[in-house]
There are 2 protein chains.
Amino acid sequence: MLPDLTLDESTATPLYRQIADQLRHLMQRGHLAPGDRLPPTRTLSLHLKVNRATVIAAYEALESEGLIRSHVGRGSFVERLPALPGPKLNWEEILASEEGLPAPVAAEAEISFALARPAGDLFPEEDFRATLRELAASRELGGILQLGAPAGYAPLRRYLLQNAREQNAAGDDDDILITSGVQQGFDLIQRLLASRGETVVIEDPVYPGLKNVFVRGGARVIGAPVGLGGLDIDQVERIFERERPRLMLVTPNYQNPTGTSLSVGSRHALLTFARRHGVVLVENDLYSGLHYGDAAPAPIKKLDQNGDTVLLRSFSKIAFPGLRVGWVIGPRHFIGRLTEAKQWTDLHTDQLSQAALLKFAQSGRLEAHCEKMRAEGLRRLRAALAACERYLPKGARFTRPSGGMNLWVRLADPADSTALLEKARARGVSYLPGKYFAVAREEAASLRISFAGLDPARIDHGIRVLGEVFAADAAVRRAREPEGPAPALV
Amino acid sequence: MLPDLTLDESTATPLYRQIADQLRHLMQRGHLAPGDRLPPTRTLSLHLKVNRATVIAAYEALESEGLIRSHVGRGSFVERLPALPGPKLNWEEILASEEGLPAPVAAEAEISFALARPAGDLFPEEDFRATLRELAASRELGGILQLGAPAGYAPLRRYLLQNAREQNAAGDDDDILITSGVQQGFDLIQRLLASRGETVVIEDPVYPGLKNVFVRGGARVIGAPVGLGGLDIDQVERIFERERPRLMLVTPNYQNPTGTSLSVGSRHALLTFARRHGVVLVENDLYSGLHYGDAAPAPIKKLDQNGDTVLLRSFSKIAFPGLRVGWVIGPRHFIGRLTEAKQWTDLHTDQLSQAALLKFAQSGRLEAHCEKMRAEGLRRLRAALAACERYLPKGARFTRPSGGMNLWVRLADPADSTALLEKARARGVSYLPGKYFAVAREEAASLRISFAGLDPARIDHGIRVLGEVFAADAAVRRAREPEGPAPALV
């Protein structure tokens, strides 16, 4: 087929140039590709009613550009496509419209109190290997490999919902969605309930991964202060009255970063306020398995006979963080909509891990592991509290968690935990400064100590080093203060 | 400690009622919890400077409400907390603010052409069981269980990036992010580049999971028409000129739902237009492994010497859809920001599947499986095309894919593929009507046939049934047409 060229004798552009330009254009538009044969010069000249020499000149021009090649006796062929126009994209500019939020840097150090994760050396690796071998031999493997349901792997959903119902933490009107960890639970809830500037109350300080989901999603985020004694319930009541929030996220057990918990009374109070003001309560129940004394009090979800509370749980903190399986339990209508959002986000949660964790739980290995984690966690918590008591300088205060992975230290003002981190790292110890967890109140003198990943001896040594660093800093500051009142300027 | 009560003698409320009300309030606020002991009546009466009988009356009132219980000789204890206020949340109203988008219903039928997924009976189950056993015995398992990096499992990232570099589909300035399938790749790109009303061009018709991510994310979505011959490149040029989009998503190989592909020339042309207008090209290269003849042409990413094209790939379509592992390759700065978004979304992709798929690929089992899938896919494609040729009624046209899972049928107007689906299902055959895939152009007479999950005999039978259903419908419509021109009304 002859190319569709239109020559214009009225312009100043020579005809051979017009032919070359239009052929080049056809190449750019994908109508002529490398290897395609151009019409013989004689044929094209007859078709266009021009001199054959004109077509030959056009082909020579294209050949000099390297776009076509003529083979004697075989004709002319497209050799390569014209160079692409335009400069590289300006990625700096393209990406500037989105505000980057700083991610907490996991400070590497010999003794790191920076990461709230379970101790890898406590992982029941042999038990998990056995689980994987069982999965490899199981009949259900074929189904696991095939496309799954957005709501999650059905046997796991049944198992978890049944468990929650036995604990009265789920009713008949509740349903369950399996998510890629609790982090995705936050994200989906933001999308469904707080994507249009809705007001959301979160604890302050709080795990930044929770805050950032809502901030980035465009919610109006209000912090409810968490002190050394835990969430300030009276403040929550005032915030509900004043701000009329759509939802509140709360971590009733061993809150990250403070390690504080809500009493039964406070849970009840929170539910009372939420009902009075029509606030959706989202209960982040990530750590309740990690109680180092008595079991944690009943979840708010259990107190809520209306069934409106939304409960988030996960395997990640009690089992293996590398396997991303969490879940959301809530009213059926809400879970249905959340499942839709899940489908558009990533279709469904990975089924291999869902099936592996179900086997791990059903075999009793998970519970055995949890018991071990609790026994070891208690030793570590005691070591951390004893070391704080013994080594932290005068004026330092700290929380006394009864479970979880973290405690919160508040140094005497005006200590600066960010500046002090550099000095601590120079001595091989790291932590996360309080400011990483701030919503509205920057606690410059505070820091999070994540003790769960270190053995008692290292905890003791690490906190001793921190105590020395903090004390030295306080001494320097005292030395700088004038001895007595400054003399009057006369 | 005595409760902090304030009595007011000037009001009409009797003192005993004031005491009872304030104690109830303390219970509601969490300051008195079940099991807590109330002060002895004598102590409280002295403290409040009231008659002891007044306190006794208050306690009796609370006891009659069931809130406290008095035990002779032991005192009074909080029995249960006051009833919670407020009605159930109105979830219908809460969720109404978010528009629900209908999810395509996977029509269940004896022969279902509705789901674009690989045939489960072709899964190399034994090979995957062997891979799992190897993983269960591997040294790296401990690391897989621990918290991972947002960018993905390092050995898998290295492997995939190296592969892409060997194919010239990644340069030195490119980086890689592992996602929970390609669906999450779409989602993260929407968040990073199109969360503020940016204009996004997608193919029309298109896989609804892609469209919905951008529509829900608030992007301005423009469809570029895909006809029976594939994407209309000239239209794309006009859309770029007119709409100045931020990005375009394109599926160059075996597009879902049409099964059409872009020629080398069209890929080049698309890149030319994108550069000219500063459009970010996102290449959804999900199906290129499923070529049933020659390998698919080079990806656009390879043609793009500037390295700006963003390439999405996945294991889900060529291996196991139940394992959610995809990846994005693009300029380092862009991937860095995408990785941040990934971290806030779900921390990182599940590591068990990442490690299992890496082992599956490195062992050569994936490539062996792909060869089998291609050989079988060719048989199925041929069966589908032959059956369409043979059984579809006059006037029906269809695409002729050279790979993938889908072909697109366009019946003669005014057929309605949604209404026809009911008739087809009554005869045990299902498909997805064209309207599910519409962006702006509703093709009421079109439908998608996903042939990859069925063996040739069932494909033949199913398309024969469809042909009969469609032909019967056309015959009914013809019979309803008047035989000649209608007589003039006089």
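Now for a look at the structure at hand.

Analysis parameters
Residues numbered from 1 in each chain as written. Chains lettered and ligands numbered in written order. Predicted model: local features only at pLDDT ≥ 70, side-chain atom pairs only at ≥ 80, totals over all residues. Heavy atoms only, no water. Helix = DSSP H or I, 4+ residues; strand = E, 2+ residues; numbered from the N terminus. Rg over C-alpha atoms; globule rule 2.2 N^0.38 Å. Buried < 20%, exposed > 50% of the residue type's maximum accessible area, 1.4 Å probe, protein only. Contact = heavy atoms within 4.5 Å. Areas by Shrake-Rupley, 256 points an atom, 1.4 Å probe, with all protein chains shown as cover. Pairing = 2+ DSSP bridges. Expected span 1.5 Å × (residues − 1). Least-squares fit on C-alpha atoms with pLDDT ≥ 70 in both. Axes fitted to C-alpha atoms, helices over the stretch in contact; angles between N-to-C directions. Buried area = accessible area lost by both parts, 1.4 Å probe. Salt bridge = Lys/Arg side-chain N within 4 Å of Asp/Glu carboxyl O. Polar contact = N/O pair within 3.5 Å; in protein donor to acceptor, adjacent residues only side chain to side chain. Right-handed = clockwise from strand over helix to strand, strands pointing away. Parallel < 35°, antiparallel > 145°, perpendicular 65-115°, else oblique. Left-handed = near helix turned anticlockwise from the far one by under 90°. Nonpolar A, V, L, I, M, F, W, Y, C, P; charged D, E, K, R; others polar.

**Concerning the overall build of chain A**
Stage number 1. When helices and strands are counted, chain A shows 17 helices and 16 strands.
Stage number 2. A globule of 490 residues ought to have a C-alpha radius of gyration of about 23 Å, yet chain A, at 33 Å, is considerably larger.
Stage number 3. Over its C-alpha atoms, taken along the principal directions, chain A stretches across nearly 100 × 85 × 50 Å.
Stage number 4. Considering chain A as a whole, with its 490 residues, one finds that 59% of them fall into the buried category.
Stage number 5. In chain A, once contacts between residues fewer than 6 apart in sequence are set aside, the share between residues at least 24 apart is 71%.
Stage number 6. Accessible area for chain A stands at about 20000 Å²; split by element, carbon and sulfur atoms hold 50% of it.

**A short note on the sheet that holds strand E16 (residues 446–450) of chain A**
All names here are of chain A.
Stage number 1. As summarised here, the arrangement of the four strands in space is E12-E13-E16-E15, forming an open sheet in which the pairing is antiparallel. Edge positions in the sheet fall to strand E12 (397–398) and strand E15 (432–433), since each has one partner strand and no second.
Stage number 2. Bridge count between strand E13 (residues 406–410) and E16: five bridges; the pairing is antiparallel. Across the sheet, the residue bridging to Arg-410 is Ser-446, located in E16.

**Regarding helix H13 (residues 332–346) of chain B**
The α-helix advances 3.6 residues per turn, and as a result positions three or four apart in sequence lie on the same side.
Stage number 1. An ideal rise of 1.5 Å per residue puts 21 Å on 15 residues; H13(B) measures up with 21 Å between its terminal C-alpha atoms.
Stage number 2. What H13(B) keeps buried is the set Phe334(B), Ile335(B), Arg337(B), Leu338(B), Thr339(B), Ala341(B), Lys342(B), Trp344(B), Thr345(B) and Asp346(B).

**A look at the relation of the copies chain B and chain A**
Stage number 1. For the pair chain B and chain A, the superposition axis carries a translation of 0.1 Å, the fit reaches an RMSD of 0.1 Å, and the rotation angle comes to 180 degrees. Such a combination of turn and shift is consistent with a two-fold rotation axis. Across chain B, the smallest distance between a C-alpha and the rotation axis is recorded for Arg133(B), namely 2.8 Å.

**Considerations on the environment of Ala164(B)**
Residues and elements named next belong to chain B.
Stage number 1. Within the fold, Ala-164 resides in helix H7 (residues 154–166).
Stage number 2. The exposure class assigned to Ala-164 is buried, which follows from its relative accessible area of 2%.
Stage number 3. If we skip the residues at most four places from it in the chain, Ala-164 touches Ala-169, Ala-170 and Ile-329.

**Observations regarding the sheet that holds strand E10 (residues 310–314) of chain B**
All names here are of chain B.
Stage number 1. Read from one edge to the other, the open sheet built from eight strands follows the order E4-E11-E10-E9-E8-E5-E6-E7, with strand pairing classed as mixed. Only two strands of the sheet have a single neighbouring strand rather than two, namely strand E4 (174–179) and strand E7 (230–231).
Stage number 2. Each of E4, strand E8 (247–250), strand E9 (280–284), E10 and strand E11 (326–331) is contacted by helix H8 (residues 181–193), which is oriented at about 155 degrees to E10, the strand it contacts most.

**Remarks on the interface of chain B and chain A**
Stage number 1. Contacts between the two partners involve 108 residues from chain B, matched on the other side by 107 residues from chain A.
Stage number 2. Of the roughly 9200 Å² buried between chain B and chain A on both sides combined, carbon and sulfur atoms contribute 59%.
Stage number 3. Ranking the residues of chain B by area buried against chain A places Leu84(B), Leu145(B) and Trp344(B) at the top, with a combined share of 10%.
Stage number 4. At the boundary of chain B and chain A, one finds four salt bridges.
Stage number 5. Where Asp187(A) meets Arg191(B), a salt bridge forms, and the shortest distance between an N and an O atom there is 2.7 Å.
Stage number 6. Between chain B and chain A we count 30 residue pairs in polar contact (both at pLDDT 80 or more) in total.

**As for the pairing of strand E5 (residues 199–204) of chain B**
Residues and elements named next belong to chain B.
Stage number 1. Buried residues dominate E5, accounting for six of its six residues.
Stage number 2. Across six bridges, E5 lies against strand E6 (residues 220–227) in parallel orientation. Considered in E6, the bridge of Ile-202 is made with Gly-223.
Stage number 3. Regarding the hand of the β-α-β motif, the stretch spanning E5, helix H9 (residues 208–216) and E6 is right-handed.
Stage number 4. Summarising the sheet, E5 and E8 pair through two bridges and their orientation is parallel. Residue pairing for E8: Val-200 is matched across the bridge by Leu-247.

**Let's talk about the side chain of Ser180(A)**
Stage number 1. Note on placement: Ser180(A) falls in the loop between strand E4 (174–179) and helix H8 (181–193).
Stage number 2. A residue is classified by how much of its surface remains accessible, and Ser180(A), at 5% relative accessible area, is buried.
Stage number 3. Beyond its immediate stretch of four places on either side in the chain, Ser180(A) contacts Arg324(A), Gly326(A), Lys342(A), Asp346(A), Thr349(A) and Asp346(B).

**Points about the environment of Pro225(A)**
Residue and element names in this part refer to chain A.
Stage number 1. Note on placement: Pro-225 falls in strand E6 (residues 220–227).
Stage number 2. For Pro-225, a relative accessible area of 16% gives the class buried.
Stage number 3. For the pair formed by Pro-225 and Val-206, sequence separation is 19 residues and the distance between their alpha carbons is 9.6 Å.
Stage number 4. Setting aside residues up to four positions removed in sequence, Pro-225 forms contacts with Asp-204, Gly-230, Leu-231, Asp-232, Gln-235, Ile-239 and Arg-441.

**Digging into the pattern of salt bridges**
Residue and element names in this part refer to chain A.
Stage number 1. With the rule as written, the count across this model stands at 62 salt bridges over all chains.
Stage number 2. Where Asp-21 meets Arg-17, a salt bridge forms, and the shortest distance between an N and an O atom there is 3.9 Å. On the criterion of helical spacing, the pair formed by Asp-21 and Arg-17 is a turn pair, its members being four residues apart in helix H1 (residues 15–28).
Stage number 3. Asp-21 gets classed as partly exposed once you look at its relative accessible area, which sits at 31%.
Stage number 4. With a relative accessible area of 27%, Arg-17 lands in the partly exposed category.

**Points about the packing of helix H1 (residues 15–28) of chain B against helix H3 (residues 52–64) of chain B**
Residue and element names in this part refer to chain B.
Stage number 1. At a closest axis distance of 8 Å, the pairing of H1 and H3 adopts a crossing angle of 50 degrees. With respect to their mutual orientation, H1 and H3 come out oblique. The handedness of the crossing between H1 and H3 comes out as right-handed. Here H1 contributes Leu-15, Tyr-16, Arg-17, Ile-19, Ala-20, Leu-23, Arg-24 and Met-27 to the contact with H3, which in turn contributes Thr-54, Val-55, Ala-57, Ala-58, Tyr-59, Ala-61 and Leu-62.
Stage number 2. By residue class, the composition of the contact of H1 with H3 is 12 nonpolar, one polar and two charged.

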